[in-house]
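A closer look at the structure
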Amino acid sequence: MILIDGKRTAQEIREELKTDIQKLKDEGKNVPGLVTILVGDDPASKLYVKSKGKACNEIGMRTKTEEMPSDISEKELLNIVESYNNNPDYHGILVQLPLPEHINEDNIIEAISPEKDVDGFHPLSVGKLVTGKDTFRPCTPAGIQELLIRYKIDTKGKHIVVLGRSNIVGKPIANIMLQKKEHANSIITICHSAAPDVSYYTKQADILIAAIGVPEFVKADMVKEGVVVIDVGINRVEDSSKLKGYRLTGDVAFDEVAEKASYITPVPGGVGPMTIAMLLTNTYNAYLKYGEKNGS
Ligand code: GUN
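For clarity, every value in this text was computed on a predicted model and none was experimentally measured. (Residues numbered from 1 in each chain as written. Predicted model: local features only at pLDDT ≥ 70, side-chain atom pairs only at ≥ 80, totals over all residues. Heavy atoms only, no water.)

1. What about the environment of Leu 97?
- By the element assignment, Leu 97 lies in the loop between strand S4 (92–95) and helix H4 (105–111).
- Spatially, the C-alpha atoms of Leu 97 and Lys 152 are 33 Å apart, while their sequence positions differ by 55 residues.
- Excluding residues within four positions of it along the chain, Leu 97 makes contact with Ser 45, Glu 105, Ile 109 and Phe 121. (Helix = DSSP H or I, 4+ residues; strand = E, 2+ residues; numbered from the N terminus. Contact = heavy atoms within 4.5 Å.)

2. Observations regarding the packing of helix H1 (residues 6–26) against helix H10 (residues 272–294)
- Taken N-terminus to C-terminus, the directions of H1 and H10 make an angle of 25°; their axes are 8 Å apart at the nearest point. Looking at the two axes, H1 sits roughly parallel to H10. Where H1 crosses over H10, the two elements pack in a sense that is left-handed. Contact with H1, carried on its side by Gly 6, Lys 7, Thr 9, Ala 10, Ile 13, Arg 14, Leu 17, Asp 20, Ile 21 and Leu 24, involves Pro 273, Met 274, Ile 276, Ala 277, Met 278, Leu 280, Thr 281, Tyr 284 and Tyr 287 of H10 and no other residues of that element.
- Across the contact of H1 with H10, the residue classes tally to 13 nonpolar, three polar and three charged. (Axes fitted to C-alpha atoms, helices over the stretch in contact; angles between N-to-C directions. Parallel < 35°, antiparallel > 145°, perpendicular 65-115°, else oblique. Left-handed = near helix turned anticlockwise from the far one by under 90°. Nonpolar A, V, L, I, M, F, W, Y, C, P; charged D, E, K, R; others polar.)

3. As for empty space enclosed by the protein
- Here the structure, examined in full by the defined rule, presents one cavity of 30 Å³ or more.
- Looking at the largest cavity, its volume works out to about 30 Å³.
- Looking at the largest cavity, the residues that line it are Val 95, Leu 97, Ile 109, Ile 112, Asp 117, Asp 119 and Phe 121.
- When its residues are assigned to classes, the lining of the largest cavity shows five nonpolar, no polar and two charged. (1 Å grid on protein atoms, 1.4 Å probe; cavity = no way out; pocket = protein on both sides within 12 Å on 5 of 7 lines; lining within 4 Å. Points joined across faces, edges and corners; volume = space filled by probe spheres on them.)

Okay, structure coming up:
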């Protein structure tokens, strides 16, 4: 069994980007920039935004966080997004989700210029992904594909079973791996809560991607020998032996499934760190495209 080390892979990507950005600086060029917009004071969202900002700083990327009160109006938020659509120093715009109830998330996502949509959530980005056009891919699914690439895991003609149909992970990873392209070209099954017998599907998987948010849902008797397991779940479960009173666990019962798997991602340290690495990559690519368009 080979452990897929997402933490190390993410670090490698960050180092690569840091080198690329240093080159731009040495040439006296503008550098890529990411603005994150945080509304309200949800502790988890604050933490995510902080680590995104820190990651940008570490690789020399311009970054800024716009912190807005939870009672900001939709109109005001739209104005802020619009101001960054027109700001040439910021190539990526990320509005941290979820937003407060009184703000329509779709309206905000649709207001982000598709050229700066580094989350890949804009309907135009989604449509382009589904039709196989070049576009921003949502960061977590992009991170999963990157892990498969860097670990040289063959995907052509392989049966990928995706557990979960979310817009952030399940649907986009299915669409990415379905494409008739290198590092994809897979046979896809998306399995979800309406399945009468989930294990009927999971047992067929050459590659199993679990993204349902149920702690240790996938057990050893649900997979075949030699399966590649990608665990996207990050679940808190009570554990009195830990100082914090909980531990993090994935959607896969790691110890028992690892005995049958050829490759497996741990939680934490698997898919998680890849999300930010791909956000940085998307922002860098947005910058390159901006340069192409504007002749610099
Ligand atoms: N909230 C939780 N995950 C994400 C993400 O990937 N992007 C944004 N914008 N908000 C999130």
